[in-house]
Amino acid sequence: MTATHISAAPSSAAPATDARALTGKRRIAFASFVDENYLPGFLALLRSLALSNPGVCEDFVVLHDDLRPSSVAKIRALHPRVDFRRVDADHYDTYAKGDQDNYLVRKAYFILDVFKIRDYDTVITLDTDMVVLGSLAELLSLREGLAAVPQFFYGRHKLNSGLLVIQKEYLSDAFYAKIDKVGREGSYELDKHDQGILNAVLDGDFVRLDPKYNFVKRRLSGDLAVPDDTAVLHFTGRHKPWQGGEAGYTQAQDRWREFDMSDAELHAAYLSRGGSHHRDLLVHFGTPHVERTGDVDTARKVALAHIGSGDYQSAVDVMERVHIPVDEAWPHEVYGHALMSVSRYDEARAQLLLASCAPNRAATAFARLAQISWVHGEDTAAHKYALQGLTVDPTHRASRIWHQRSVGVPVQQQGSAGQQLAHVAFYMDRQGNAGDKLLPESVRLAFDQDFSARRWHSVHAHRLFDEAALERVNARRGMVIGGGGLFIPDTMPNGNSAWQWNVPDELLKRIDVPIAVYAVGFNAFDGQSYRAQRFRESLRLLVEKSSFFGLRNHGSIAKVRAMIPAHLHDKVRFQPCPTTVTRQLVANWQDPARREDTILVNAAYDRAGLRFGHDYGYFLAQMARAVKDLGSLAEVQIAAHSLDDEKLAFDLRREHGVSLPVIPMYDFENDEIRALYARTKLVIGMRGHAGMIPFGCGTPIISLISHPKMAYFLADIERPEWGVSVHDRNLAAVLVERSRDLLADHAKTVADVHGRQQELWKITQTNAAELRTILGA
């Protein structure tokens, strides 16, 4: 039975930069009521959750009446994301009506405070007399209703409230008011107990879970063994395992004792678990383990977790705490990776050379050595290292990329330096992201129809900006910085700026030509963070030095203004991405006389965990449904901006039997990219430039929002309805409905796109007039 949806009270509009609100990504938490009496049980629960689900680390809301500081410390030691919240004990005394001294009754009521939670989309309650023995992936993927294990009482099924999976519509004032009303009136069965209240309110209308998710102890009477598929074992009754237990349940209580261990034992047990480990748990348990034992392999794992979350300095710090034997290649490689990410290049080289001696790590080590050489402009050395990596492993992708970069450096035409503009951008490799490939040319077209090296001096953002680069830039008539979301910490990390341009402050200060920051984006994902202080310092200096500082959406403007002093705020202004006005920039542009009867779909897979959370399986199923229905409107094809984007085609075919043709846009030249997007009828894209480029070519779009920048752009053009979250509960239906609406009167929709684009073009023209004065066009 599907639970009835309870409407939540309308909430105030989220700020324009609230990433979670913009992406619609579900926020999930576990919750328990904890007191001193049940603390031993709760600690065992936390240990069991970590050991049975090592890849899961959601927030844990601890409801409590009054916990001692020492108890709080014990809890924090077992989970890195704990949120302590006091319950209103006096309020629930009104429910008890004379049973205020009945400890079990009062404890049962306090968990009802979970229905006061408003900052999560899904809350999973766990009783403190439970241990988790199996995967909770199914519970984490639930998206609708209020789910519980049913129990048969007095001729009807009622829920057992020990474990609940509660969705947002129940985490509302309206639903809590119903609970409170029933509690105060006492109009419920099973004594004065929370499950009696919930059963009275729900009247059997809840989602049924398999009993394995709340397997009660009494089913094991007679010393029966716990079934192998049990996910959550619940020690109901008055006799708890930490209090000595109860006769007749020896095997069950033995399972509980598996998690009665010291913190050091927990750390060792967690780190020895196979499979994937959550980064936060690896850091939380691995850091004290390294400090206590000096274990090199654990230090490597913790450092990789820090690198994965973009905290490169912490990765360096943990590797510096251990002694790495000369022949331990993998730790040397990870340490070298961390060091190069904070721009300690010489030390990184030494570590990577040690790592290159082991065949199983050599290809990666050589690729990183090639990267360091390339960053320093040493193309011959980069070429040598990349070839060594390919010699070890001819299929090694990173080595192949650095080999191509080291031999494919474009020769700068020797035009007049005084007539050139220096251009700092990310210049994409062959078979790289199609959107990033188009961007530098689009930026140049906004300044000059001649986008060749005759008029432009290329400065690759990822190469170290050194004295020689400074001299070359200062010989030009100005510098333009633009070509993508350069304000992101991890695409090519460095310790000089903490964003994509690898520029030390002292050299940035010595640039003496006008600087124009043009249509740059703040591209941090929901859940991704910068090394705040270094980035803020570099950002502030850049704003101070710039004669023009234009960001490509108002969301980025708000983010950047929040990081710089108030007196600099007015310098930060709106400059749309030039790809959004492509029709105005490309010489002799002609709109297509007729369009192909196609719908192009794009999905992105970089940082997939940040994009999808626990909802990728849902997203894939919804896309399978959507493309089947969209097929009645036009032929659906997949537009792959990068090689990784082809995963959508593979997964749809493997999981749902849906086969779609794939267009390898990563192999396209810039004119081909524009032509493809100009002649299709509709683009449904997840990448930012799978929306902005077709829009700029005059093609209707629908954005699959998994990153705030998509919502930022749609807000700027005042068409938020052209976007839908990848987490939307009705994703397939919404996509098909909106596609049908946009295609119903295609000419009208295209005209609307043109009108929206014209507003961006006016802003671009206004800024262009100022830039001509600044740069002396």
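Since we're looking at a predicted model, the values are computed, not measured.

**Student:** Run through the overall build of the protein, naming residues and quoting values.
**Tutor:** The helix and strand inventory of the protein stands at 32 helices and 23 strands. For a compact globule of 777 residues, the expected C-alpha radius of gyration is about 28 Å, and the protein comes in at 29 Å, within 12% of that figure. Based on the C-alpha atoms only, the size of the protein along its principal axes is roughly 90 × 70 × 55 Å. Taken over 777 residues, the protein has a buried fraction of 59%. For the protein, the proportion of contacts with a sequence separation of at least 24, taken over those separated by at least 6, is 72%. On the protein, roughly 30,500 Å² of surface is accessible, and the fraction owed to carbon and sulfur atoms is 49%. Separation of charge centres in the protein, based on 91 positive and 96 negative side chains, amounts to 3 Å.

**Student:** Run through the packing of aromatic side chains, naming residues and quoting values.
**Tutor:** Under the definition given, this model contains 25 aromatic pairs. Here Phe487 and Phe535 contribute two aromatic rings whose centre-to-centre distance is 5.8 Å and whose plane-to-plane angle is 70°, an arrangement assigned as edge-to-face. Here Phe535 lies in helix α22 (residues 532–545) and Phe487 lies in strand β14 (residues 484–487), a separation of 48 residues in the sequence. A relative accessible area of 1% means that Phe487 is categorised as buried. Each ring, one from Trp499 and one from Trp501, has its centre 6.2 Å from the other, and the planes form 75°; the classification is edge-to-face. The exposure classification of Trp499 matches that of Trp501, with both residues buried. What links up through ring pairs into an aromatic cluster is the set Phe465, Phe487, Trp499, Trp501, Phe522, Phe535 and Phe549. Looking at Lys384, its charged tip hangs above the ring of Tyr385, at a distance of 4.7 Å from the centre.

**Student:** For the confidence of the model for the protein, give the residues involved together with the corresponding values.
**Tutor:** Here the protein shows a mean pLDDT of 91. Residues at 70 or above account for 92%. A low-confidence stretch, residues 1–15 stays under pLDDT 50, and its non-local contacts, those more than four residues away or across chains, total 29 contacts.

**Student:** Give a detailed account of helix α7 (residues 173–185), specifying residues and quantitative values.
**Tutor:** Note: α-helices contain 3.6 residues per turn, so residues at a spacing of three or four share the same orientation. The first and last C-alpha atoms of α7 sit 18 Å apart over 13 residues, in line with the 18 Å expected at 1.5 Å per residue. For α7, the full list of buried residues reads Phe175, Tyr176, Ile179, Asp180, Val182 and Gly183. Buried residues of α7, seen end-on, are gathered within an arc of 165° and therefore sit on one face of the element. Of the residues in α7, the exposed ones pointing more than 90 degrees away from the buried face are Asp173 and Lys181. Just beyond α7, the residue with positive phi is Gly186, at close to 70°.

**Student:** Lay out the side chain of His746 with the relevant residues and their values.
**Tutor:** Counting through the fold element by element, His746 comes out in helix α32 (residues 746–775). There is a polar contact of 2.8 Å between the side chain of His746 and the backbone oxygen of Lys681. Setting aside anything within four residues of it in sequence, one finds His746 in contact with Arg595, Lys681 and Pro700.

**Student:** Give a description of the sheet that holds strand β9 (residues 215–216) that names residues and reports values.
**Tutor:** Where strands meet in a sheet, backbone hydrogen bonds hold them as pairs that are either parallel or antiparallel. Pairing in this open sheet of three strands is mixed, and the strands run β5-β10-β9 from one edge to the other. Strands at the two margins of the open sheet, each flanked by one partner only, are β5 (130–132) and β9. Two elements, β5 and strand β10 (residues 232–234), share three bridges in a ladder whose sense is antiparallel. Bridge pairing links Met130 to His234 in β10.

**Student:** Let's hear about the packing of helix α26 (residues 616–630) against helix α31 (residues 731–744): which residues, and what values?
**Tutor:** Look at α26 against α31: their axes get within 8 Å of each other, and the N-to-C directions meet at 30°. At the point where α26 passes α31, the crossing takes the right-handed sense. Between α26 and α31, the residues in contact are Tyr618, Phe619, Gln622, Met623, Arg625, Ala626, Asp629 and Leu630 and Leu731, Ala732, Leu735, Val736 and Ser739, respectively. Of the residues assigned to the contact of α26 with α31, the class counts are nine nonpolar, two polar and two charged.

**Student:** Tell me about the environment of Arg729, and name the residues and values.
**Tutor:** Looking at the element boundaries, Arg729 is found in the loop between β23 (723–725) and α31. According to the relative accessible area criterion, Arg729 is partly exposed, its value standing at 28%. A sequence separation of 585 residues divides Arg729 from Glu144, and the C-alpha atoms of the two residues are 8.3 Å apart. Only 2.7 Å separates the side chain of Arg729 from the backbone oxygen of Arg143, close enough to count as a polar contact.

**Student:** Explain the packing of helix α10 (residues 263–272) against helix α11 (residues 279–293) residue by residue, including any values.
**Tutor:** The geometry of α10 relative to α11 is characterised by a closest axis approach of 9 Å and an angle of 115° between their N-to-C directions. As α10 packs across α11, the resulting crossing turns out to be left-handed. For the pair formed by α10 and α11, the contact residues are Ala264, Leu266, His267, Ala268, Tyr270 and Leu271 on the first element and Leu281, Leu282, Phe285, Gly286, Pro288, His289 and Arg292 on the second. The class makeup of the residues in the contact of α10 with α11 is nine nonpolar, three polar and one charged.

**Student:** Break down the pairing of strand β2 (residues 59–64) for me, with residues and values.
**Tutor:** Most of β2 sits inside the fold, with six of its six residues counted as buried. In β2, alternate side chains face the same way, and those of Asp59, Val61 and Leu63 on one face and Phe60, Val62 and His64 on the other are all buried. Across five bridges, the pairing between strand β1 (residues 28–33) and β2 is parallel. Counted as the bridge partner of Phe30 is Phe60 from β2. With respect to chirality, the unit in which β1 leads through helix α2 (residues 39–52) into the neighbouring parallel β2 is right-handed. Bridging between β2 and strand β3 (residues 82–86) involves five bridges; their strand directions are parallel. Pairing of Phe60 across the sheet is with Val82, part of β3. After leaving β2, the chain enters helix α3 (residues 69–78) and then returns to the sheet as β3, a path that is right-handed.

**Student:** Before we move on, can you summarise the pattern of salt bridges with the specific residues and values?
**Tutor:** For the structure on display, the rule yields 50 salt bridges. Arg68 serves as the salt-bridge partner of Glu36, at 3.2 Å between the closest nitrogen and oxygen. Here Glu36, found in the loop between β1 and α2, pairs with Arg68, found in the loop between β2 and α3; they are 32 residues apart in sequence, far enough to count as distant. Taking the relative accessible area as the measure of exposure, Glu36 reaches 22% and is therefore partly exposed. Given the relative accessible area of 51%, Arg68 is considered exposed. Counted as one network, the salt bridges with shared partners bring together Asp606, Arg607, Arg611, Asp645 and Arg687.

**Student:** Please set out the sheet that holds strand β20 (residues 662–664) residue by residue, giving values where relevant.
**Tutor:** In space, the six strands of this open sheet follow the order β20-β19-β18-β21-β22-β23, with parallel pairing throughout. Because the sheet does not close on itself, it has two edges, and the strands there are β20 and β23. Looking at each pair of strands side by side, their axes are set apart by 25° on average, direction ignored. Here three bridges tie strand β21 (residues 682–685) to strand β22 (residues 701–705), and the two strands are oriented parallel to one another. Within β22, the residue paired with Ile684 across the bridge is Ile702. Sitting on the sheet, helix α30 (residues 708–716) touches β21, β22 and β23, and the angle it makes with β22 is about 145°.

**Student:** Can you explain the environment of Val658? Please cite residues and give values.
**Tutor:** Along the chain, the position of Val658 falls in the loop between α27 (647–656) and β20. Assessed through its relative accessible area of 8%, Val658 is described here as buried. Sequence spacing of Val658 and Ser497 is 161 residues, and the spatial spacing of their C-alpha atoms is 45 Å. Beyond its immediate sequence surroundings of up to four residues, Val658 is in contact with Ala624, Val627, Lys628, Ala649, Leu652 and Arg653.

**Student:** Which residues make up the nonpolar core, and what are the values?
**Tutor:** Counting residues in hydrophobic clusters, the biggest one holds 121 residues, and the most contacted among them are Phe465, Met479, Phe487, Trp501 and Phe619. With nine residues, the top contributor of residues to this core is α26. Excluding anything up to four places from it in sequence, Phe619 contacts Ala603, Tyr605, Phe612, Leu648, Met686, Leu704, Val726 and Leu731.

Conventions adopted
Residues numbered from 1 in each chain as written. Predicted model: local features only at pLDDT ≥ 70, side-chain atom pairs only at ≥ 80, totals over all residues. Heavy atoms only, no water. Helix = DSSP H or I, 4+ residues; strand = E, 2+ residues; numbered from the N terminus. Rg over C-alpha atoms; globule rule 2.2 N^0.38 Å. Buried < 20%, exposed > 50% of the residue type's maximum accessible area, 1.4 Å probe, protein only. Contact = heavy atoms within 4.5 Å. Areas by Shrake-Rupley, 256 points an atom, 1.4 Å probe, with all protein chains shown as cover. Lys, Arg positive; Asp, Glu negative; His and termini not counted. Charge placed at Lys NZ, Arg CZ, Asp CG, Glu CD. Phe/Tyr/Trp six-rings, centres within 6.5 Å; stacked < 30°, edge-to-face > 60°. Lys NZ or Arg CZ within 6 Å of the ring centre and 35° of its normal. pLDDT = per-residue confidence, 0-100. Expected span 1.5 Å × (residues − 1). Arc of directions from axis to C-beta. Polar contact = N/O pair within 3.5 Å; in protein donor to acceptor, adjacent residues only side chain to side chain. Pairing = 2+ DSSP bridges. Axes fitted to C-alpha atoms, helices over the stretch in contact; angles between N-to-C directions. Left-handed = near helix turned anticlockwise from the far one by under 90°. Nonpolar A, V, L, I, M, F, W, Y, C, P; charged D, E, K, R; others polar. Right-handed = clockwise from strand over helix to strand, strands pointing away. Salt bridge = Lys/Arg side-chain N within 4 Å of Asp/Glu carboxyl O. Core = buried A, V, L, I, M, F, W, Y, C linked by side-chain atoms within 4.5 Å.

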